[in-house]
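Below, each chain spelled out in residue letters.
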Amino acid sequence: MSSLQSDFEKRKQISVRGIAGVENVQSAKTTFNRHLHYTLVKDRNVATPRDYYFALAYSVRDNLVSRWIRTQQYYHEKDPKRVYYLSLEYYMGRTLSNTMINLGIQSACDEAMYQLGLDIEELQELEEDAGLGNGGLGRLAACFLDSMATLGLAAYGYGIRYEYGIFAQKIVNGEQTEEPDDWLRFGNPWEKARPEFMLPVNFYGKVEDTPSGKKWVNTQVVFAMPYDSPIPGYQNNIVNTLRLWSAKSPVEFNLKFFNDGDYIQAVLDRNLAENISRVLYPNDNNFEGKELRLKQEYFMCAATLQDIIRRFKASDYGSSSTVRTSFSSFPDKVAIQLNDTHPSLAIPELMRILIDIEGLSWEAAWDITVRTCAYTNHTVLPEALERWPCGMLEHILPRHMQIIYHINFLHLQQVQAKFPGDMDRMRRMSLIEEDGEKRVNMAHLSIVGSHAVNGVAAIHSDIIKKDIFHDFYEMTPDKFQNKTNGITPRRWLLLCNPALSDVITDKIGDSWITHLDHLKQLKAFAKDPSFQRAVQKVKQENKQRLITELEKAYNVKLNPASMFDVQVKRLHEYKRQLLNCLHIITMYNRIKRNPTGKFVPRTVMIGGKAAPGYYTAKKIIKLINYVGNVVNNDPVVGDKLKVIFLENYRVTLAEQLIPASDLSEQISTAGTEASGTGNMKFMLNGALTIGTLDGANVEMAEEMGNENIFIFGMTVDEVEALKKSGYDAYKYYNANPELKQCIDQIQNGFFSPNNPSEFKDIADILLKWDRFYLLADYADYIKVQDKVSETYFNQNKWVEMAIHNIASSGKFSSDRTIAEYAREIWGVEPTWEKLPAPNEPRELSGK
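For every chain, the first residue of the written sequence is number 1, and numbering continues from 1 along that sequence. pLDDT decides what is reported in this predicted model: residues at 70 or higher carry local features, side-chain atom pairs at 80 or more are listed and counted, and totals for whole chains, interfaces and linings draw on all residues regardless. To obtain the side-chain values, all non-hydrogen atoms of the structure were included, while hydrogens and water were left out.

- An unreviewed UniProt entry annotates the protein chain as Alpha-1,4 glucan phosphorylase originating from Bemisia tabaci.
- UniProt positions are given in the numbering used here, feature names are shortened, and annotations may be inferred rather than shown by experiment. Heading Catalytic activity (unreviewed entry) of the UniProt record for the protein chain holds this comment: "[(1->4)-alpha-D-glucosyl](n) + phosphate = [(1->4)-alpha-D-glucosyl](n-1) + alpha-D-glucose 1-phosphate".
- Regarding the protein chain, the relevant UniProt record gives this comment under Function (unreviewed entry): "Allosteric enzyme that catalyzes the rate-limiting step in glycogen catabolism, the phosphorolytic cleavage of glycogen to produce glucose-1-phosphate, and plays a central role in maintaining cellular and organismal glucose homeostasis."

Printed below as a string of structure tokens:
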């Protein structure tokens, strides 16, 4: 989105954020021109805007490289305990702006581009989002990488370099269609291929007993090629590494094809191996037991563990270089964090390496594995928990299946010893589920094979202990912890909302950028009229910028005085976008009944992608678009109510939308959302939340006080009680005339006159098969929404509450989350060290 600020305002604003880089303007111009000529082989006569973006990106990367090398040298010399974060998803978004901010060179780059007659914001718009994730889990991983570098941890992210990321969503006739996200088509200036570290990964084959032990033979080999991307900490000269693996076929051809003369087929068959890293699976809330997905998970784990062990063996002791041959110190030097169960095959893979290759005993290998690995759970939805068919695992990874069986045998012996005769408990706690097709429960494997298990919000961690993993909690209560999620303040305030950042910094200084809890100082100014005006002015300017873009994109005239009511997240029934839609219809009906009545204008924005095979979620998107079409074109409604479904919601759009939002919808059924991080981003940017007591909403309410958040709906215990007593949706439908009208309109084709039965299945879900109790929460949701409107009518009160939200956001920094992981799970202490800049002597400087 291009900015509406004048050149003067924009440059003034940026100068506040990065004065330190101004003296380097000439250097930035020289470097830019050098890359344009020598890297891109262009001059100003033929260069395109994208060439200018790449020249700028390479110039910024030059500022990273020496810091990157120095950081790795420092880790090599000091030999700290290293943290390895294994995640199948990293939703990074764009890199350029974030890197300039973290290096403190934004003002220099902006001024250099200005002097060259270029607009830096237009160049930033040309960067492709790195959409290597579906949503919250992948974005959390990206925030964690930022915090690990900022806290000075010797940390590495590992994942897969998907050729195609999360699909690009197009809305055609109200329906979601999917287009491939070819994010690499122009190249990626931030990555560095490392073919010298390419590693073999084995599949299929069989296991043989030999005098020296088990051997996995006759395998098919795929090579894992690493691509490294730099992860800079905030102005501390530390640059960590994200290493993503790309699948490459073995060089050798099958000679049979040459003998048959089918050279072309030999070449084509090589490409099948490379499908492993071709595409991200676009589903994070429903497990599908696809063979390619299993291969992706093992491919990432196998390559990563080889890399970890190589680095462990090559580490130095002080100044004398020594190759480690003993694995006894492995858990003291290596921490492996499993981001959900997707990397859980790291447990049997590490066992295989230690036993079959390194020659350790089972007992020694198991002790090392458990002390090294830790597991984060991200969901309580049964359909999202991974359960791989044993037959598939035996076929693709025969040695690993043997290891899993033996882990389970020893585990069940321990269960039997602690709970003798409790056969039902043994069945529930087995890693192998035997009702129907035999399956491996990967969450159970992750718990048994880890020394720490954590949920991602206090309420979620309690549910894990009381419900889905209760047996394991009873068995090993010391393993279970809570680590409430967080977001990086660098991207989610400093970068995306520079004007608000300036207002805050003017009032309390800039220490909040790395110590977000310092925002609590703002509480003293919540009632200060001048501070309220400053915060309000920023919000209105952000809204006006967004309006300009939305009107252009959606051809809908928006009311700048309206409340921006926003729900953006993956489309899933448990997140209850459909409840939001019922509120839209209710507001529409009220306006139609009383067009001259008092009504606080709203612009309701809903955005998010539905998994391509998720019929109900895609149907909900269509309903929202059809409802919006009716509402937006009704002259009686006018500018009182507008509805926009935001196409192709992604990180970059979030950075533009969240600073302009007034109301954040966090309305999942209590007990279904593990944590959420979008709720934290809205809170930090001064939007108020309407939500259930679910996920991190609970802790947000504790931090800011219930008077500064709009809580509605059933609690977890009340949901459970309703589930047990039996949920009758028709009871709510028949008791509430407004609700009945909404559902009847959906059911009878009011919003789809050309096809009256279009949304009958949505009405059927609400009335017959709703697992998420929308109708039970509807009345309270509408009541609290009325309270939201009443509060918004009093703008002084609203802004005071918004300031309390911002001031209470400190707990939700990913810096705090990572510091807790470091101390309580990984056994390392955040250093907050600042390494010398490239032009300074090598000695460490304090921070």
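Read on, since the account is not over.
Considering the pattern of salt bridges
A side chain of one charge can pair with a side chain of the opposite charge when the charged atoms of the two come close.
1) Next: In the sections that follow, a salt bridge refers to a side-chain nitrogen of Lys or Arg positioned within 4 Å of a carboxyl oxygen of Asp or Glu. For the structure shown, the criterion picks out 61 salt bridges.
2) Next: Residue Asp528 pairs with Lys507 through a salt bridge whose shortest N-O separation is 4.0 Å. With Asp528 in the loop between helix H21 (498-508) and helix H22 (529-554) and Lys507 in helix H21, the pair connects residues that are 21 residues apart, well separated along the chain.
3) Next: In this structure, Glu800 engages Lys527 in a salt bridge whose closest nitrogen and oxygen atoms are separated by 2.9 Å. Of the two residues, Glu800 sits in helix H33 (residues 795-807) while Lys527 sits in the loop between H21 and H22, which places them 273 residues apart along the sequence.
4) Next: When accessible area is computed with a 1.4 Å probe and restricted to protein chains, residues below 20% of their type maximum are described as buried, those above 50% as exposed, and intermediate ones as partly exposed. Classification of Glu800 as buried rests on a relative accessible area of 13%. The numbering of helices and of strands both runs from the N terminus, where a helix is a DSSP run of H or I of at least 4 residues and a strand a run of E of at least 2.

Quick word on the UniProt feature "modified residue: N6-(pyridoxal phosphate)lysine" (unreviewed entry) in the protein chain
1) Next: Per the UniProt record, "modified residue: N6-(pyridoxal phosphate)lysine" (unreviewed entry) is found at Lys681.
2) Next: Relative to the helices and strands, Lys681 resides in helix H26 (residues 678-684).
3) Next: Look past the residues within four positions of Lys681 in its chain and what remains in contact with it is Arg139, Ile487, Trp492 and Ile658. Here a residue-residue contact requires only that any non-hydrogen atoms of the pair lie within 4.5 Å.

Here's the deal with the sheet that holds strand E15 (residues 387-389)
1) Next: Spatial ordering of the open sheet is given by E15-E17-E16, a layout of 3 strands whose pairing is antiparallel. The sheet is open, and its two borders are formed by E15 and strand E16 (432-433), each paired with just one other strand.
2) Next: Here the rule is simple: two strands pair whenever DSSP picks up at least two bridges between them. The pairing of E15 with strand E17 (residues 439-441) spans 3 bridges and is classified as antiparallel. Each bridged residue has a counterpart across the sheet, and for Trp388 the counterpart in E17 is Val440.

Overview of the sheet that holds strand E25 (residues 710-711)
1) Next: One open sheet accounts for 6 strands, arranged E22-E21-E20-E23-E24-E25; its pairing is parallel. Each edge of the open sheet is held by one strand with a lone partner, namely strand E22 (641-646) and E25.
2) Next: Across the sheet, H22 is in contact with strand E20 (563-568), strand E21 (602-607) and E22; its angle to E22 comes to roughly 75°. Convention adopted: a line fitted to C-alpha atoms gives each axis, helices being fitted over their contacting stretch, and angles between N-to-C directions are expressed from 0 to 180 degrees.

Points about the domain arrangement of the protein chain
1) Next: Domain boundaries shown here were taken from an automatic or database domain assignment. Per the domain assignment, the segments of the protein chain are domain 1 (20-78 + 97-126), domain 2 (80-93 + 129-191 + 224-316 + 323-386 + 448-482) and domain 3 (498-812).
2) Next: Distance from the C-alpha centre of domain 1 to the C-alpha centre of domain 2: 30 Å.
3) Next: Facing 21 residues of domain 1, the contacting portion of domain 2 comprises 26 residues.
4) Next: A 1.4 Å probe defines the accessible area here, and the buried area is the portion of it lost by two parts on being joined, summed over both. Buried area between domain 1 and domain 2, both sides added, is near 2,100 Å², and the carbon and sulfur share of it is 57%.
5) Next: A per-residue breakdown of the area domain 1 buries against domain 2 is headed by Trp68, Tyr75 and Asn102, which together make up 34% of the total.
6) Next: For the pair domain 1 and domain 2, the number of links is 0 salt bridges.
7) Next: Under this definition, polar contacts are N or O atom pairs within 3.5 Å; protein pairs additionally need one hydrogen-donor-capable and one acceptor-capable atom, and for neighbouring residues in sequence, both atoms have to be side-chain atoms. For the pair domain 1 and domain 2, the interface holds 16 residue pairs in polar contact (both at pLDDT 80 or more).

Focus: the packing of aromatic side chains
1) Next: In summary, the pairing rule links any two rings of Phe, Tyr or Trp, Trp by its six-membered ring, whose centres are within 6.5 Å, and it sorts them by plane angle into stacked for under 30 degrees, edge-to-face for over 60 and tilted for everything else. Under the counting rule described, the total for this entry stands at 28 aromatic pairs.
2) Next: Aromatic side chains Tyr74 and Tyr75 sit 6.2 Å apart centroid to centroid with 50° between the ring planes, which places their arrangement in the tilted category. The same class applies to Tyr74 as to Tyr75, namely buried.
3) Next: By way of ring pairs, the aromatic residues Tyr84, Tyr156, Tyr158 and Trp245 are connected into one cluster.

Concerning unusual backbone geometry
Glycine aside, a negative phi is what most residues show, and trans is what most peptide bonds show.
1) Next: One non-glycine residue, Gln235, adopts positive backbone phi at about 50°.
2) Next: Of note in the backbone geometry, Trp832 takes a positive phi value of approximately 50° without being a glycine.
3) Next: Locating Trp832 in the fold gives a position in the segment after helix H34 (814-826).

Let's talk about the nonpolar core
1) Next: The criterion is simple. A nonpolar core is a set of buried Ala, Val, Leu, Ile, Met, Phe, Trp, Tyr and Cys residues joined through side-chain atoms within 4.5 Å. Residues Met148, Phe203, Phe299 and Trp826 are the most contacted members of the largest nonpolar core, which totals 173 residues.
2) Next: Residues Ile591, Val604, Leu688 and Phe710 belong to the second largest nonpolar core, which totals 62 residues.

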